[in-house]
Every structure is written in structure tokens, then in C-alpha cells.
Amino acid sequence: MSKEIVPAGQSISIAILFIIGSSLFMGVSGQSGNSSWIGLIFAIVLAVPLMLLYARLHTLFPGKDLYDMLHTVFGPILGRMFSCLYIWYTLHLGSLVLRNFGEFSKTVALTATPMLAPMLIIVLLCIWVVNAGLEVLGRSAKFLLLFTIMATAIAQLLSIPKYEFHYLKPLLESGWGPVFTDAIGSFTFPFGEIVVFLGAFSVLPKKGSAFRVLLSSLLIAGIIMLFVTLRNLLVLGPEILSSLYFPSYVAVSRINVGDFLTRIEGSSSITFVTALFIKTSLCLYVTSNGVAKVFKLKSYRSVVLQMGLIMVYMSVFIYKDILQMQYFAYHIYKIYALPFQVVIPLLLWIVAEFMSRKASRKQTAPQP
């Protein structure tokens, strides 16, 4: 078990940047057009019980991470099977995030550079910080979160002259069906992905810290994403918004203050890279931690390099092109991710509650 302890404030920073991650630039599910922001609010509300469930698991198993919980509740054989599933999920998720960055670089930022090059640079940085420990990642996240919030707030303020409020009308033009579809999509991507953080629960300082970390990060990340979603909608409109791969980049590129403050989307894209770096690093840590637990290794650090290289290798071949990436993110992922985010944790919680109550009854039972 890891002896690292990351303070609650730094853990919140990691969780916020993890949640906003690639969704900061890719946007959220937007089948409902100009009502997509309503679906995002519903997704935040739906995510609250999920955060409480995750926090309850931390209370039931203080000092243990997801893999320890699975082994304790389901036994060595079934527990290892579930652990292998989460190793795959975190490895796959890290690859998906890396590919998001690779497509962004290839399409927008570094069009003449092979996609592998920027992804490899990010992975090498992630390998370095994960080897250094989660305390280093926590301190980095605290600084990078401050920069991200400042850059996002400045972009929001400078975008106000470009707002076209008529893009909000007619509200609910397609009815509630697409809104609920968007809510499920935004629930799984990105809010439900915080299940990965369970694989690092052993670094939280005390029992009650998980409630504070998860709920605070959900609220702050949700507010950031809501403002960014509304900005993109008001600047671009629902028709243009639905046709873009990276709407936030295009929305910020429209900023023009007095013909002297223009083309600031490059600096805005740095926030995407910082959030992506934290998200990929946490995925790499949890993947390596799971491999170490399943194969009973002395330290997760012995497999960080290998898992990082596998992650970047998968990211190259995981999609055929950017169209396939976008289709998977908005249509397939919400089905694929639900067992990892909801079904297995719910089953784990039910069995753990039963075991906890059974143990407490034995302790309070009168001795003969």
C-alpha cells in the first residue's frame, strides 16, 4: 500500500483537472443543440449520488484504494478479475485522452508534425511525474489549476462582446429526449470518469476527505464546464458548434479586442494541455498501481515506463481517424463506460455494506 499522502486541497486540484481534461476543448455531448447546457446541469445532478457512493467506499475502507477494496470484498480470484478490468479501463482511458491531444495537434496546432511526437512528449512527462510520486502530481495540479481558471476566466470575459443571445432560442426545440441523451453522455464523459480516482484513494489523508474532494471537484469542474459550454454556444451557435471537433479553440479564436488583442487561442490551448497532462498522469498511476497489486510487485514504479509506452502505442492505433474518435466519444463511450463507473462500484458498495453490518453485529453480540 502506498505511503504517500496528498492533502485534500491538492487532491481537489487533481480531480478538477482530471474531470475537465479533454472535455475542456472537445466539449460535451451536444445532440440537443442550444439546450445542451441543460443536459450538462442534469449530468452534474446525476453525478452527485455517484460521488457520494465513491466517498462512502472510502469511509468503509479507509487507507485502501479500489484494488484493495475489490480484493477484500470479492476475494483473491474474483477481485483480481475485476482489478484486471479496471487496469484495462484506466489504460484505455489514458490512451483515449492521448489520442484527443494527438488529433488536436495534428488538426489545429502542429499540422506538419507527426501525431506520435507530441503524444510521446506528453507521455514521457507523465512517466516522470508518476515516478516522482503523487505528491509531486498534487503540487503541480494545484499550480496548474490556478493557471487554468485564470486563463479560462480571461477568455470568458473577452468573449462577451461576441455573445449572440438569440442562439439560446428556441429553448428545448427538439424536446426533452435529446437533453436526457446529452445528460447521460455528459454523466459518463467526463463526470463518471472520476472513478479512476478510486485507484488513488490510499493517498487521501482521512476518512471524511473523500466527500470533500469529490463533491468540491464535481461542483467546481461542473461550473467551469457550464460556463465554457455556454460561451461556445453563444459565440458559435448550435449549427457551427455541432460541426466542430474542438469548439473551444474556435470560439476563443473569435476574440478580437480593438484589433490588437487577437489570436489568443494558442495561449488558451495551454489549459487543454495542462488538464490533459494531469488526467493522463492519473490514469498512468492507477494503471501501474493496479498491475503492481495484481502481480504483487513491490512498487508500482517498476512498471510505470512500460505502461506509459503501451498507453502511447495504443493511442496511435485506437482510432482510424478523428471522425471515429468523435463518434466513439459521444455515442459508444456512454455505454462502454457505465459498468466501470456505476455497475461495479454499486455492486462493490452493496456487498461492502452487508459485510460491514455483519461484522458490527458480531462485535455487538453478547458473548456466551
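Just so it is clear, the model here is predicted, and its values are computed rather than measured.

**Q** For this particular structure, what's the right way to read the overall build of the protein chain?
**A** Each helix and strand counted, the protein chain has 14 helices and two strands in total. Compactness check: the protein chain gives a C-alpha radius of gyration of 21 Å against a globular reference of 21 Å for 368 residues, within 12% of the reference. By its C-alpha atoms, the protein chain is 85 × 45 × 35 Å across when sized along the principal axes. Buried residues in the protein chain amount to 54% of all 368 residues. Long-range contacts, defined as pairs at least 24 residues apart, comprise 83% of the intrachain contacts of the protein chain with a sequence gap of at least 6. Accessible surface, the protein chain: about 16,000 Å² in total, of which carbon and sulfur atoms supply 70%. Each charge class in the protein chain was averaged separately, 27 positive and 14 negative side chains, and the resulting centres sit 14 Å apart.

**Q** What is the right way to look at helix α6 (residues 134-159) in this model?
**A** Under the 1.5 Å per step criterion, the end-to-end length of α6 is 36 Å for 26 residues, consistent within 8% with the ideal 38 Å. Taken residue by residue, α6 has L134, V136, L137, G138, A141, L144, L145, T148, T152, A155, Q156 and S159 as its buried positions. Residues of α6 that are buried make contact with α1 (8-20), α2 (23-26), α5 (116-132), α8 (209-236), α10 (247-253) and α11 (265-294).

**Q** For this particular structure, what's the right way to read empty space enclosed by the protein?
**A** The rolling of a water-molecule-sized probe over the atoms marks out the regions of remaining empty space. Scanning the model with the defined rule gives two cavities of 30 Å³ or more in all. Considered as a void within the structure, the largest cavity measures approximately 100 Å³ in volume. Looking at the largest cavity, it is lined by 13 residues, and the ones nearest its centre are L96, N100, F189, E193 and A329. Sorting the residues of the lining of the largest cavity by element identifies α4 (66-109) and α13 (322-336) as the ones contributing at least two each.

**Q** Where do I start with helix α12 (residues 304-317) in this structure?
**A** Within an α-helix, residues lying three or four positions from one another point in the same direction, as the helix has 3.6 residues per turn. When the terminal C-alpha atoms of α12 are compared, their 21 Å separation across 14 residues agrees well with the 20 Å that a helix rising 1.5 Å per residue should span. Where the residues of α12 are buried, they touch α4, α5 and α11.

**Q** What's the story with unusual backbone geometry in this structure? I'm lost.
**A** Apart from glycine, the bulk of residues carry a negative phi angle, and the bulk of peptide bonds sit in the trans form. With an omega dihedral of -10 degrees, the bond running from K169 to P170 counts as a cis peptide bond. Within the secondary structure layout, P170 lies in the loop between α6 and α7 (176-188). At the junction of F189 and P190, the peptide bond is cis and its omega measures out at 25 degrees in the coordinates. The residue P190 is located in the loop between α7 and α8 in this model. Unusually for a residue other than glycine, K296 sits at a positive phi of about 55 degrees.

**Q** Would you take a moment to explain the nonpolar core for this structure?
**A** What tends to happen in soluble globular proteins is that the nonpolar side chains get buried as a cluster. Core analysis: the largest hydrophobic core is formed by 111 residues, its most contacted members being Y54, F191, I194, F197 and F201. When residues of this core are assigned to their parent elements, the largest contribution, 17 residues, is made by α4. With sequence-adjacent residues up to four places away left out, F191 is seen in contact with I19, L40, A43, I44, A47, M51, S186, L218, G222 and M225. Y163, L234, V235 and L241 belong to the second-largest nonpolar core, a separate cluster that totals seven residues.

**Q** Got a minute to help me understand the side chain of D65 in this structure?
**A** Along the chain, D65 falls in the loop between α3 (36-60) and α4. Of note is the side chain of D65, whose polar atom sits 3.0 Å from the backbone nitrogen of Y67. D65 has contacts with L198, G199, A200, F201, S202, N289 and K293, leaving out every residue within four places of it along the chain.

**Q** Looking at this structure, I do not really get the environment of M150. What am I missing?
**A** Within the secondary structure layout, M150 lies in helix α6. You can call M150 partly exposed: its relative accessible area is 48%. Along the primary structure M150 and T271 are separated by 121 residues, whereas in three dimensions their C-alpha atoms are 9.7 Å apart.

**Q** Looking at this structure, how should I read the packing of α11 against α12?
**A** A packed helix pair is summarised by two numbers, namely the angle formed by the two axes and the spacing between the axes. Contact pair α11 / α12: the axes reach a minimum separation of 9 Å and the direction vectors enclose 125 degrees. Judged by the angle between their axes, α11 and α12 are oblique. The crossing of α11 and α12 is right-handed. Between α11 and α12, the residues in contact are T280, C283, L284, T287, S288 and V291 and V304, M307, G308 and M311, respectively. Residue classes in the contact of α11 with α12 are distributed as six nonpolar, four polar and no charged.

**Q** I keep staring at the environment of L70 and nothing clicks. Help me out?
**A** Residue placement: L70 occurs in helix α4. Exposure remark for L70: the relative accessible area of 0% places this residue in the buried category.

**Q** Please explain the state of the cysteines as it appears in this structure.
**A** A covalent bond bridging the sulfur atoms of two cysteines is what the word disulfide describes. Under the counting rule described, the total for this entry stands at zero disulfides. Distance from the sulfur of C126, which forms no disulfide, to the nearest cysteine sulfur (C283) is 9.2 Å. Its relative accessible area of 0% is what places C283 among the buried residues.

**Q** Explain the packing of aromatic side chains to me, please; I cannot follow it from the model alone.
**A** Pairs of aromatic rings are described using the distance from one ring centre to the other and the angle between the two planes. The final tally for this structure, using the stated rule, is 20 aromatic pairs. When the centroid spacing of 4.8 Å and the interplanar angle of 80 degrees are considered together, the rings of Y285 and Y300 count as edge-to-face. With Y285 in helix α11 and Y300 in the loop between α11 and α12, the pair connects residues that are 15 residues apart, well separated along the chain. Each member of the pair Y285 and Y300 is classed as buried.

Reading the values: the criteria
- Residues numbered from 1 in each chain as written.
- Predicted model: local features only at pLDDT ≥ 70, side-chain atom pairs only at ≥ 80, totals over all residues.
- Heavy atoms only, no water.
- Helix = DSSP H or I, 4+ residues; strand = E, 2+ residues; numbered from the N terminus.
- Rg over C-alpha atoms; globule rule 2.2 N^0.38 Å.
- Buried < 20%, exposed > 50% of the residue type's maximum accessible area, 1.4 Å probe, protein only.
- Contact = heavy atoms within 4.5 Å.
- Areas by Shrake-Rupley, 256 points an atom, 1.4 Å probe, with all protein chains shown as cover.
- Lys, Arg positive; Asp, Glu negative; His and termini not counted.
- Charge placed at Lys NZ, Arg CZ, Asp CG, Glu CD.
- Expected span 1.5 Å × (residues − 1).
- 1 Å grid on protein atoms, 1.4 Å probe; cavity = no way out; pocket = protein on both sides within 12 Å on 5 of 7 lines; lining within 4 Å.
- Points joined across faces, edges and corners; volume = space filled by probe spheres on them.
- Core = buried A, V, L, I, M, F, W, Y, C linked by side-chain atoms within 4.5 Å.
- Polar contact = N/O pair within 3.5 Å; in protein donor to acceptor, adjacent residues only side chain to side chain.
- Axes fitted to C-alpha atoms, helices over the stretch in contact; angles between N-to-C directions.
- Parallel < 35°, antiparallel > 145°, perpendicular 65-115°, else oblique.
- Left-handed = near helix turned anticlockwise from the far one by under 90°.
- Nonpolar A, V, L, I, M, F, W, Y, C, P; charged D, E, K, R; others polar.
- Disulfide = S-S within 2.5 Å.
- Phe/Tyr/Trp six-rings, centres within 6.5 Å; stacked < 30°, edge-to-face > 60°.

By themselves, these are just geometric observations and shouldn't be taken as functional.
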